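Residue-level structure breakdown
Here is what each chain is made of, one letter per residue.
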Amino acid sequence: MSRIVVIGGSGHVGSYLIPRLVELGHEVVNVSRGTAKPYRPHYAWGLIESVALDRAVEEKKGQFGTKIAELNGDIVVDMISFDLASTQQIVEALRGKVQHYLFCSTIWVYGRLVAVPSTETDPTSPIDAYGKGKAESEAWLMREAHLNGFPATCFRPGHIVGEGWVPTTPLGNSNPEVYSRIARGGELVLPNLGHETLHHVHADDVAQWVICAIQNRAASVGEIFNTVSEQAITLRGYAEAVYRWFGREPRISFKPFEEWVGELGEFAENSRGHIVRSSSHSIEKSRQRLGYKPRYTSLEAIHQSVRALVADGKVASA
């Protein structure tokens, strides 16, 4: 078994990943700022080593990569590197000291798609700083893997969902009131014809993907993989499903995109980002090379999350 360092392991994916790693017999180190609690209770949290490090603070000192290297991990799973400078600092410190470095990227390295579902061979075309930072890190890591033998793997999660998380809604934002409106039988206004798509993934399926990549190191090193559910969902199909979860007949109307987004207030840019991208991605590469098989469809993952929001009182069910 391996000693595995998870950077950002108290986050949503880490809350599923760390218990999976412990159950497989790995020695696990969770690196976080120490301010967040895992989303899910599990006995595994009592069996791991926890290290409190503020990445931003330590990077400014030029010490973050060194401190991670001093943890002597065989494998490092980096959930929270957001730009090239951060990625380079940790890689330079880990060079020659780790067997595998897994970099959490995002499907937002893709911008507006040309063909769907998109594949990993499609060119990246980020349209915001977040996607650009991830895309630059990916490109540099792949050069390091292919030219200098650094054992990097990149994975691109979709819209992550699971208990304790507000799923990206049929309006393409994270406003839980959207679900309450549907639960009350209110009308939902969608852009255009509601054919734009979202591509969710359950946090536990992302965790499963990481396990697959670790167990199939030879097939994953030097490669980039989409990490999403089997299929994307249309806004309209998604909205109709949620109405039926609450025993309601769908009440949906439509407006042209710019008029629609202009009426969303504080959630306008959140919605614009998701709708403009209209994400839809293939997991065939992950399936064939790593044996990745998501447990949850997009709607199953979202349904679990919405039920948890209802139970927590964050969504009014009537």
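About the cut-offs
In every chain, residue numbers begin from 1 and rise along the written sequence. For this predicted model, a pLDDT threshold of at least 70 governs which residues receive local features, and a threshold of 80 or more governs which side-chain atom pairs are given and counted, while totals over whole chains, interfaces and linings are taken from all residues. To get the side-chain values, all heavy atoms of the structure are used, and hydrogens and water are removed first. Secondary structure elements follow DSSP: runs of H or I of four or more residues count as helices, runs of E of two or more count as strands, with numbering from the N terminus. Atoms counted for the radius of gyration: C-alpha only. Globule rule: 2.2 Å times residue count to the power 0.38. Buried means the residue's accessible area, taken with a 1.4 Å probe over protein chains only, is under 20% of the maximum for its type, while exposed means over 50%, and partly exposed covers the values in between. Two residues qualify as a contact provided that any one of their heavy atoms is within 4.5 Å of a heavy atom in the partner residue. Neither His nor the chain ends contribute to the count of charged residues, in which Lys and Arg are positive and Asp and Glu negative. In this description, the location of a charge corresponds to atom NZ of lysine, CZ of arginine, CG of aspartate or CD of glutamate. Criterion used throughout: strands pair if DSSP finds at least two bridges between them. In this analysis, axes come from line fits to C-alpha atoms, helices being fitted only over the stretch in contact, and the angle between any two N-to-C directions falls in the range 0 to 180 degrees. When the strands point away from the viewer, a crossover counts as right-handed if the path from the first strand over the helix to the second runs clockwise. Working definition: a ring pair exists when centres of Phe, Tyr or Trp rings (six-membered ring for Trp) sit within 6.5 Å. Plane angles under 30 degrees give stacked, over 60 give edge-to-face, the rest tilted. Consider the ring centre and the ring normal. A charge sits over the ring if Lys NZ or Arg CZ is within 6 Å of that centre and within 35 degrees of that normal.

**Topic: the overall build of the protein chain**
For the protein chain, the count of helices and strands is 13 helices and 13 strands. For the protein chain, the C-alpha radius of gyration of 20 Å lies close to 20 Å, the compact-globule estimate for 318 residues. Counting only C-alpha atoms and orienting by the principal axes, one finds that the protein chain spans roughly 60 × 40 × 40 Å. A buried classification covers 55% of the 318 residues belonging to the protein chain. For the protein chain, the proportion of contacts with a sequence separation of at least 24, taken over those separated by at least 6, is 76%. Where the 33 positive side-chain charges of the protein chain centre and where its 35 negative ones centre are 1 Å apart.

**Thoughts on the environment of Phe267**
Among the structural elements, Phe267 can be located in the loop between helix H10 (257-261) and helix H11 (268-277). Measuring from C-alpha to C-alpha, the distance between Phe267 and Leu171 comes to 9.3 Å, with 96 residues separating the pair along the chain. Residues within four places of Phe267 in sequence aside, it is in contact with Asn173, Ser174 and Asn175.

**Structural notes on the sheet that holds strand S11 (residues 223-227)**
Sheet architecture is open: seven strands sit in the order S3-S2-S1-S4-S5-S6-S11, paired in parallel fashion. For this open sheet the edge positions go to strand S3 (49-52) and S11, each flanked by a neighbour on one side alone. The average angle at which neighbouring strand axes cross in this sheet is 20°, direction not considered. Seen against the sheet, helix H5 (residues 129-148) touches strand S5 (100-104), strand S6 (152-157) and S11 and runs at an angle of roughly 150° to S6.

**A word on the environment of Leu53**
Turning to its location among the elements, Leu53 is positioned in the loop between S3 and helix H2 (55-60). The class of Leu53 is buried, set by a relative accessible area of 11%. Separated by 52 residues in the primary sequence, Leu53 and Met1 have C-alpha atoms spaced 25 Å apart.

**Some points on the pairing of S6**
The buried fraction of S6 is high, at six of six residues. Burial of the side chains of S6 extends over both faces: Ala152, Cys154 and Arg156 are buried on one face and Thr153, Phe155 and Pro157 on the other. Once you follow S5 into H5 and on to S6, the crossover reads as right-handed. Bridge count for S6 against S11 is five bridges, and the pairing is parallel. Counterpart to Arg156 in the pairing with S11 is Asn226.

**Some thoughts on the packing of aromatic side chains**
The description of two aromatic rings rests on the distance between their centres and on the angle between their planes. Within this structure, the stated rule accounts for five aromatic pairs. Both rings, one in Phe257 and one in Trp260, keep their centres 5.9 Å apart while their planes meet at 40°; by these two values the pair is tilted. In this pair, Phe257 and Trp260 are both assigned in helix H10, three residues apart and thus about one turn of the helix distant. Exposure class is identical for Phe257 and Trp260. Each is buried. Members of the aromatic cluster, connected to one another through ring pairs, are Phe155, Trp209 and Phe225. Directly above the aromatic system of Trp108 lies the positively charged group of Arg277, at a separation of 3.5 Å from the ring centroid. Its end group placed over the ring of Phe225, Lys285 keeps NZ or CZ at 4.8 Å from the ring centre.

So far we have only geometry, and geometry alone does not tell us how the molecule works.
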